[in-house]
Amino acid sequence: MTSAFLYAAARTPFGRFGGALADVRPDDLAATALAGVLAKVPELDPALIGDVVLGNANGAGEDNRNVARMAVLLAGLPVSVPGSTVNRLCGSSLDAAMTASRIVETGDAHVVLAGGVESMTRAPWVLPKPSRAYPAGHVTAVSTTLGWRLVNERMPAEWTASLGECNEQLADRFQISRERQDAFAVRSHQLADAAWAAGRYDDLVVAVPGVDLARDEGIRPGSTVEKLAGLKPSFRPDGSITAGNASPLNDGASALVVGSEEAASVIGTAPLARIAGRGVHALTPQDFGFAPVEAANAALARAGIDWADVEAVELNEAFAVQSLACVDAWRIDPGIVNTWGGAIAIGHPLGASGGRILGTLAHRLIADRQRWGVAAICIGVGQALAVVIENVTLGSENQ
């Protein structure tokens, strides 16, 4: 089998819930990301794209009916370009990238677009269908923005706890203090702000037409540990998780160009990174925040390297506590993790986040002249994904 390579990455700015992107449909956000990433490879004839795989965690509203295919059409790609939507909740766009890499490796296509989208603002309320016609009583509309809905009564109660409560349990299990969580969150905001100021995201983020949003909307440069310490716990009266040390609700989209080595001639540019290893892992649903540990270990094993070789990590910060638990378990230098900021500051539009961290990781490796990196993400209901990439630009710089 051939190897799969990452050629280009793009994303929209991530907007806050009800913020600047609130009026933009998810299919339009996805189309913006696709158009943005194709603009980075202008020599590529879009008719040569073998498939488009996008992740989406909701799929209950305007992103229904296969948002990947809708985005292909809205982005102006040829009608001959197909599209498929995958749903692995928070890991959906990383799953899409992994699927794209497998398509390329098997030779089913030489160029595949991947990525994902989520508008948590525009997630609809849903009504279950009645078991009989014209029920006499009231029915309740259920929000599809985040978390469990219309829960199967056969599910054990401990499996269906809120995401926040699950991570409070993780804090108890590993004795991760509120102070550590708040400090981690402040670091995320500071690094994200510094990365934007240094122009790190200039080549990664594309504007959304008709929207005045130049950078990620949730970054708070003035965040301090003292300010976060004043926030009330969100899930337990005496808990450690607050709105300040967890990722917010967001809107946004990401896109990637994945191709074979031979595809460089039609894409018109050399690849950025090789997709060297993939990993998936699952635990009990309430332990989802810790699942990236073994997902990353599996990806490293498949890449034929270990943590001593890794110089950069992009770990999606769903909650500060789960991020700290994973970093502690890997026994790595926290200084290599999310050096351009993480999801606590940048945001976590569920279906788009995996594409964001993978694209950011590739650009970090190039900017810092590092070889190996890991992108990992936890997923509600007990899962996680991870991808290992190798910077392939190092040898070409001196040629």
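Below is a summary of the structure that appears in this document. (Residues numbered from 1 in each chain as written. Predicted model: local features only at pLDDT ≥ 70, side-chain atom pairs only at ≥ 80, totals over all residues. Heavy atoms only, no water.)

Examining the packing of helix α3 (residues 92–105) against helix α11 (residues 353–367)
Geometry of a packed helix pair, given as the angle between the helix axes and the separation of the axes. Where α3 meets α11, the closest approach of the two axes is 5 Å, and the angle between their N-to-C directions is 60°. In contact with S93, L94 and A97 of α3, α11 contributes S353, G354, G355 and L358. For the contact of α3 with α11, the class distribution of residues is 3 nonpolar, 4 polar and no charged. (Axes fitted to C-alpha atoms, helices over the stretch in contact; angles between N-to-C directions. Helix = DSSP H or I, 4+ residues; strand = E, 2+ residues; numbered from the N terminus. Contact = heavy atoms within 4.5 Å. Nonpolar A, V, L, I, M, F, W, Y, C, P; charged D, E, K, R; others polar.)

As for unusual backbone geometry
Unlike most non-glycine residues, L89 shows phi in positive territory, near 50°. Position of L89 among the secondary structure elements: in the loop between β4 (84–86) and α3. Since its relative accessible area comes to 31%, L89 is described here as partly exposed. Here the phi dihedral of R369 falls at roughly 55°; this positive angle occurs in a residue that is not glycine. Within the secondary structure, R369 sits in the loop between α11 and β11 (372–379). (Buried < 20%, exposed > 50% of the residue type's maximum accessible area, 1.4 Å probe, protein only.)

Focus: the packing of aromatic side chains
A complete count under the given rule lists 4 aromatic pairs for this structure. On the numbers, 4.8 Å between centres and 35° between planes, the contact of F174 with F290 is tilted. Of this pair, F174 sits in helix α4 (residues 163–174) while F290 is found in the loop between β9 (273–282) and α8 (292–303), placing the two residues 116 residues apart along the sequence. Taking relative accessible area as the criterion, F290 reaches 15% and is therefore assigned buried. The interplanar angle of 80° and the centroid separation of 5.9 Å between the aromatic rings of Y201 and W340 together place this pair among those described as edge-to-face. (Phe/Tyr/Trp six-rings, centres within 6.5 Å; stacked < 30°, edge-to-face > 60°.)

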